[in-house]
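Structural overview for review
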Amino acid sequence: MVPMQDGHYDLKKIRESITSRTRMVFIANPNNPTGTIVTTAEVRDFMNSVPEDVLVVFDEAYAEYVTSPEYPDDMSYLRAGHNVAILRTFSKIYGLAGLRIGYGLTKIEITNMVNRVRQPFNTNSLAQVAALAALDDTSHVENSRRINKEGKEFLYKEFDSIGIKYLPTEANFIYFQTGKDGREIFDAMLKEGVIIRHMGGQNLRVTIGLPEENRRFISALRKVLNR
Ligand SMILES: Cc1ncc(COP(=O)(O)O)c(C=O)c1O
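Residues numbered from 1 in each chain as written. Predicted model: local features only at pLDDT ≥ 70, side-chain atom pairs only at ≥ 80, totals over all residues. Heavy atoms only, no water.

Glancing now at the side chain of T36. Following the sequence through the fold, T36 ends up in the loop between strand 1 (24-28) and helix 2 (40-49). A polar contact is formed between the side chain of T36 and the backbone oxygen of G7, at a distance of 2.7 Å. There is a polar contact of 2.8 Å between the side chain of T36 and the side chain of T34. (Helix = DSSP H or I, 4+ residues; strand = E, 2+ residues; numbered from the N terminus. Polar contact = N/O pair within 3.5 Å; in protein donor to acceptor, adjacent residues only side chain to side chain.)

To continue, consider the packing of helix 6 (residues 138-162) against helix 8 (residues 211-225). Packing of helix 6 against helix 8 brings their axes to within 11 Å, and their N-to-C directions diverge by 15°. Taken together, the axes of helix 6 and helix 8 are roughly parallel relative to one another. The chirality of how helix 6 crosses helix 8 is right-handed. Contacts between helix 6 and helix 8 involve G151, F154, L155, E158, F159, S161 and I162 on the former and, on the latter, N214, R215, F217, I218, L221, R222 and L225. Its residues assigned to classes, the contact of helix 6 with helix 8 shows eight nonpolar, three polar and three charged. (Axes fitted to C-alpha atoms, helices over the stretch in contact; angles between N-to-C directions. Parallel < 35°, antiparallel > 145°, perpendicular 65-115°, else oblique. Left-handed = near helix turned anticlockwise from the far one by under 90°. Contact = heavy atoms within 4.5 Å. Nonpolar A, V, L, I, M, F, W, Y, C, P; charged D, E, K, R; others polar.)

Glancing now at a nonpolar patch on the surface. A surface patch of nonpolar side chains, amounting to about 280 Å² of accessible area, comprises M24, F26 and L87. Take L87: it is sitting in strand 3 (residues 84-89). Given a relative accessible area of 31%, L87 falls into the partly exposed group. (Patch = residues over 30% accessible without salt bridge, like charges linked within 9 Å, V, L, I, M, F, W, Y side chains within 5 Å. Areas by Shrake-Rupley, 256 points an atom, 1.4 Å probe, with all protein chains shown as cover. Salt bridge = Lys/Arg side-chain N within 4 Å of Asp/Glu carboxyl O. Buried < 20%, exposed > 50% of the residue type's maximum accessible area, 1.4 Å probe, protein only.)

Next up on the list: unusual backbone geometry. Note the cis peptide between N29 and P30, where omega equals -5°. Each neighbour pair has its own omega, and for N32 with P33 the value is 15°, a cis peptide bond. On the secondary structure map, P33 appears in the loop between strand 1 and helix 2. Although it is not a glycine, N226 adopts a positive phi angle of roughly 60°. Of note, N226 is situated in the segment after helix 8. Classification of N226 by relative accessible area gives exposed; the value is 73%.

We now examine the sheet that holds strand 5 (residues 165-167). Taken together, the four strands give an open sheet; going across it, the order is 5-6-8-7, and neighbouring strands pair in antiparallel fashion. Whereas interior strands pair on both sides, the edge strands pair on one side only; in this sheet they are strand 5 and strand 7 (197-198). Pairing of strand 6 (residues 173-177) with strand 8 (residues 203-207) involves five bridges; the strand directions are antiparallel. Within strand 8, the residue paired with Q177 across the bridge is N203. (Pairing = 2+ DSSP bridges.)

Now for the environment of A171. Looking at the element boundaries, A171 is found in the loop between strand 5 and strand 6. A relative accessible area of 0% places A171 in the buried class. Between the alpha carbons of A171 and Y65 there is a distance of 5.4 Å; along the sequence they are 106 residues apart. Excluding anything up to four places from it in sequence, A171 contacts P30, G35, Y62, Y65, N148 and I208.

On to the domain arrangement of the chain, then. One can read the domain layout of the chain as domain 1 (11-136) and domain 2 (139-225). Once you take the C-alpha centre of each, domain 1 and domain 2 turn out to be 27 Å apart. Contact residues are listed per partner, giving 16 residues for domain 1 and 17 residues for domain 2. Where domain 1 abuts domain 2, roughly 1400 Å² becomes buried across the two surfaces, and 60% of that area is made up of carbon and sulfur atoms. Contact with domain 2 buries area across many residues of domain 1, yet P33, Y65 and I93 alone supply 37% of it, more than any other trio. Seen at the junction of domain 1 and domain 2, the total is zero salt bridges. Here domain 1 is connected to domain 2 by eight residue pairs in polar contact (both at pLDDT 80 or more). Grouping the constituent residues of the side of domain 1 that touches domain 2 by class yields eight nonpolar, seven polar and one charged. (Domains from an automatic or database assignment. Buried area = accessible area lost by both parts, 1.4 Å probe.)

Written out as structure tokens, the structure is:
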């Protein structure tokens, strides 16, 4: 495990930590719970120096929410023959978490290996039909992206006005600190009927919701913090 720097993956440190015993490097991009990304330039430097026999896994569960122009095209590494796997899911922007379905993109040699160790009957046929239909539902994805972007701008504005520290996010949640113990804030928010996540210390994470949910969250937070 390589510690993050200000909520960001440190790809240089990860590269330095690779030894002959390293088999796989796992990068969530965007990352949960910080919502941060590794950029095109950072991934380029990393991929240019990573040993060929190390598998680099990019978990892109939140890819569809990203608005940054610096988000890397990890498929290009796969096309160029690198030892790369890209994971996507229908649990996030597609809203189908209950169907338990996602997909991976990688080399045929790796899919053959995964096939040997995967659980039998790991996805069901209804989930597969729904997933294929979801891939064509571009208006749903566009709508969710827009709602998320507007929600995040609203929350940034409110956080700024309350004086809350947060990391700008490329996902559908925001990592923030209120200056107080996170557990206490979590418990107090729960009493207001709002569930956020406590991530240790002062760190909290809130999911970006619908406009009325975001407003409800902010008014509960203002009440709890007395601000
Ligand atoms: C980075 C990341 N990857 C994957 C998942 C899980 O996706 P799935 O529901 O497809 O197992 C999550 C969900 O919390 C996540 O945050």
